[in-house]
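Spelled out, the chains give:
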Amino acid sequence: MVSKEISTVKDLAIFGADPAFSQYKMVGVPNIGNRELLFSYINDILDRKWLTNNGKYVKELEEKIRVMLGVKHAIAVSNGTVGLEIAIRATGMTGEVIVPSFTFVATAHALSWQGIIPKFSDINRNTYTLDAEGIEKNITEKTRGIICVHVYGRPCNIDQISEIAREHNLSLIFDAAHAFGNSYKGRPIGNFGDAEIFSFHATKFFNTFEGGAIVTNDDDIAEKCEQMRNFGLNGEASRYLGTNGKMNEVSAAMGLVNLESIDEFVKINKRNYMTYRHELEGIQGIKLLEYDEREKYNYQYVVIMVDENSAGLNRDDIMRVLNAEGVKTKRYFFPGVHKMEPYKTMFPDMYKFLPITEMVTAKVLALPTGTSVNDEEIEKISQIIRISVAHHKDVKAKLIRDYTNDSST
Ligand code: T4K
């Protein structure tokens, strides 16, 4: 519910006015498709008494994903992180693997969890994905692979990076956690590298509660991934070291239900994005992340870059102003993974080699989108940002006063 009008700086909640939203508007609120259909599937699952271990719903979901993406193999898993871990092992990554630090921490943890050292490489200043030249510079005799992340669903420089991987004989995985349904040069994401991994976590625009998928066009990798997600079993005996990465039937049912609404979710996300674009236009120092109109996108992340020099406020100031209004933004991604443990201790000087990551992590802010926000609410959120920037001196002074008072109590 949007209540108050915001036309002057005194209308902002940080100055004591009522918050714009009585219930929090949040990033990552799940999109939920046809409930009746989901309940009927769950009843069927309960009647059939087959709850997990490659059941009917999992197989059906895998087949639908496979066809949708035009890939040879889609392997449903319990979550994107386990999907990464399995793919890392199945593609033979060991030693050191090049990754971005500008990503969700799971990308690096999936390597470290199995004793592989993540070698952080900087991102490109325009795309925020791994910089191809930087990758080349970071390759050493210990490097066995590259994991690139399609951050916010915007594809990496896939052609150039695939070429580098080929030249240096490195395994290549794309962390496509954000890029389900997106394309690169007109071809669906999922068709590149040795394997790509999706996350179907609740906060993703397409969710299976928890879940994910490994997709690949390589028969050998697919077979390994399938068996590794099931303890490495091939029949009764294990053939590989494996884990339990199976998706359960209820998650798969949720996936099938949400697949039916996926076009609707994208339509809503895109409309939200366009509304933000219109409403945020011309605000000094606020730049909306752009998507290349020639490609397909799910538009699940609406991200602004806050340039303090022009806006007079930094990203955290905007976050605090919005928070006071009942808008919970997310700093995707802050801090850089190199500043989190165990990496901070392992590589204390890493920040010196990641100047673009340092700059970008200080500026990005994800705003609420998806089926739980409407145009009027987006207009309100944008208006809060506009008024704050227009009166940045007053806002900054108030935030500093509040901060000083908070710290002294
Ligand atoms: N690679 C990349 C690049 C990723 O972004 C991710 C996951 C992975 C790999 C690993 O995939 P998974 O193993 O997760 O499948 C969230 C998600 O937990 C995580 O899946 C996601 N990336 C990451 C970007 O976002 P947090 O720590 O921000 O989650 P949390 O609990 O703060 O929730 C985020 C927002 O969503 C809040 O505003 C609350 C809202 N929310 C959340 C849940 C769970 C809801 O409204 N309803 C819900 O059910 O990590």
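Sequence positions are assigned chain by chain, starting from 1 and proceeding in written order. The predicted nature of this model means local features are confined to residues of pLDDT at least 70 and side-chain atom pairs, given and counted, to a pLDDT of 80 or more, with totals for whole chains, interfaces and linings taken over all residues. Side-chain metrics rest on all non-hydrogen atoms present in the structure, leaving aside hydrogens and water.

So, the domain arrangement of the protein chain
Put simply, the rule is: Domain segmentation is taken from an automatic or database assignment of domains. Should any heavy atoms of two residues lie within 4.5 Å, those residues are considered in contact. The term buried area denotes the loss of accessible surface (1.4 Å probe radius) that occurs when two parts are joined, taken as the sum for both partners. Salt bridges are defined by distance alone: a side-chain nitrogen of Lys or Arg within 4 Å of a carboxyl oxygen of Asp or Glu. As used in this structure description, the phrase polar contact means that two N or O atoms lie within 3.5 Å; if the pair is within protein, one of them must be able to donate a hydrogen and the other to accept it, and residues adjacent in sequence are counted only when both atoms belong to side chains. Numbering of helices and strands starts at the N terminus; helices are DSSP runs of H or I of at least 4 residues and strands are runs of E of at least 2. All amino acids are sorted into three groups, where Ala, Val, Leu, Ile, Met, Phe, Trp, Tyr, Cys and Pro are nonpolar, Asp, Glu, Lys and Arg are charged, and the leftover types, Gly among them, are polar.
Once the domains are mapped, the protein chain shows domain 1 (9-30 + 261-329 + 368-408) and domain 2 (35-121 + 128-260). Inter-centroid distance (C-alpha atoms) of domain 1 to domain 2 is 31 Å. In this assembly, 18 residues from domain 1 lie in contact with 26 residues from domain 2. Buried area between domain 1 and domain 2, summed over both chains or domains, comes out near 1,800 Å², and the portion from carbon and sulfur atoms is 54%. Applying the counting criterion to the domain 1 and domain 2 interface returns 0 salt bridges. Connecting domain 1 to domain 2 are 14 residue pairs in polar contact (both at pLDDT 80 or more). At the level of secondary structure, the elements contributing two or more residues to the side of domain 1 that touches domain 2 comprise helix H9 (262-280) and strand S14 (302-306). Looking at side-chain class alone, the side of domain 1 that touches domain 2 contains 10 nonpolar, 5 polar and 3 charged residues.

Some thoughts on the packing of helix H1 (residues 35-48) against helix H8 (residues 249-260)
Rules: Note on method: axes are straight lines fitted to C-alpha atoms, helices fitted across the in-contact stretch only, with angles between N-to-C directions ranging 0 to 180 degrees. Angles are sorted into four bins: roughly parallel if under 35 degrees, roughly antiparallel if over 145, roughly perpendicular if 65 to 115, and oblique for all others. Less than a right angle of anticlockwise turn of the near helix away from the far helix marks a crossing as left-handed, whereas a clockwise turn marks it as right-handed.
Where H1 contacts H8, the axes come no closer than 9 Å and their chain directions differ by 150 degrees. Considering their axes alone, H1 and H8 lie roughly antiparallel with respect to each other. As for how H1 packs across H8, the hand of that crossing is right-handed. Each of Leu37, Leu38, Tyr41, Ile42, Ile45 and Arg48 in H1 lies in contact with H8, whose residues at this interface are Glu249, Val250, Ala253, Met254, Leu256, Val257 and Glu260. Its residues assigned to classes, the contact of H1 with H8 shows 10 nonpolar, no polar and 3 charged.

Notes on the site of the ligand
The criterion, for reference: Definition of nearness: a residue and a molecule or strand are near each other if at least one heavy atom of the residue lies within 4 Å of the molecule or strand. Residue exposure ignores everything except the shown protein chains as possible cover, and the areas themselves are Shrake-Rupley values with a 1.4 Å probe.
Around the ligand sit 26 residues in total, of which Val27, Thr81, Asp175, Ser199 and Tyr332 are the nearest. Within the side chain of Ser199, an N or O atom sits 2.7 Å from an oxygen atom of the ligand. Residue Lys330 places a side-chain N or O atom 2.8 Å away from an oxygen atom belonging to the ligand. Starting from 930 Å² of accessible surface for the ligand in isolation, the protein chains cover 75%. At the level of elements, helix H3 (80-90) and helix H4 (106-112) are the ones that each hand at least two residues to the shell around the ligand. A per-class count over the shell around the ligand returns 12 nonpolar, 11 polar and 3 charged. In terms of domain composition, the shell around the ligand takes at least three residues from each of domain 1 (9-30 + 261-329 + 368-408) and domain 2 (35-121 + 128-260).

Digging into the sheet that holds S14
Strand-to-strand pairing in sheets goes through backbone hydrogen bonds, with the strands running parallel or antiparallel. Our working definition: Paired strands, as defined in this entry, are two strands with at least two bridges between them according to DSSP.
What the 3 strands build is an open sheet, ordered S13-S14-S16; its pairing is antiparallel. The open sheet terminates on both sides in strands that have one partner only, identified here as strand S13 (286-288) and strand S16 (364-367). Across the sheet, the mean angle separating the axes of adjacent strands is 30 degrees when strand polarity is ignored. Both S13 and S14 contribute to a ladder of 3 bridges, which runs antiparallel. Note that in S14 the partner of Leu288 across the bridge is Ile304. The sheet contacts of H9 involve S13, S14 and S16, and relative to S13 the element is tilted by about 155 degrees.

Here we look at the pattern of salt bridges
For clarity, the cut-off: Working definition: with a 1.4 Å probe on protein chains only, accessible area under 20% of the residue-type maximum means buried, over 50% means exposed, and in between means partly exposed.
With the rule as written, the count across this model stands at 22 salt bridges. Linking Arg271 and Asp375 is a salt bridge whose minimum nitrogen-to-oxygen distance equals 3.6 Å. With a gap of 104 residues between them, Arg271 in helix H9 and Asp375 in helix H14 (residues 375-390) connect regions that are remote in the sequence. Across the salt bridge formed by Lys352 and Asp349, the nearest N and O atoms sit 3.8 Å from each other. The exposure class of Lys352 is exposed, given its relative accessible area of 52%.

A word on the environment of Ser3
Within the secondary structure layout, Ser3 lies in the segment before strand S1 (25-26). Not counting chain neighbours up to four residues away, the residues in contact with Ser3 comprise Pro19 and Ala20.

Section: the side chain of His338
With respect to the helices and strands, the residue His338 is situated in the loop between strand S15 (327-328) and helix H12 (343-346). Note on His338: relative accessible area 3%, which makes it buried. With residues up to four places along the chain from it excluded, the contact list for His338 reads Ser101, Phe120, Tyr343, Lys344, Met350, Tyr351, Leu354, Thr357 and Glu358.

Comments concerning the pairing of strand S5 (residues 143-149)
In plain terms, the rule: Orienting the strands away from the viewer, one traces the path from the first strand over the helix to the second; a clockwise path indicates a right-handed crossover.
Among the 7 residues in S5, 6 count as buried, and that is most of the element. Judged from the 3 bridges that link them, strand S3 (residues 96-100) and S5 form a sheet pairing that is parallel. Residue pairing for S5: Val97 is matched across the bridge by Gly145. Relative to strand S6 (residues 171-175), S5 runs parallel, the two being bridged by 5 bridges. Of the residues in S6, the one forming a bridge with Ile147 is Ile173. After leaving S5, the chain enters helix H6 (residues 158-167) and then returns to the sheet as S6, a path that is right-handed.

With respect to the sheet that holds S3
Ordered by their spatial adjacency, 7 strands build an open sheet running S2-S10-S9-S6-S5-S3-S4, and the pairing between neighbours is mixed. A single partner strand is all that each edge strand has here, and the edge strands are strand S2 (73-77) and strand S4 (117-121). Between one strand axis and the next, the sheet turns through 25 degrees on average, direction left out of account. The strands touched by H3 are S2, S5, S6, strand S9 (195-199) and strand S10 (212-216); relative to S9, the strand with the most contacts, the crossing angle is about 165 degrees.

Notes on the side chain of Ser382
When you line up the elements, Ser382 lands in helix H14. Excluding residues within four positions of it along the chain, Ser382 makes contact with Tyr276, Glu279, Leu280 and Ile283.

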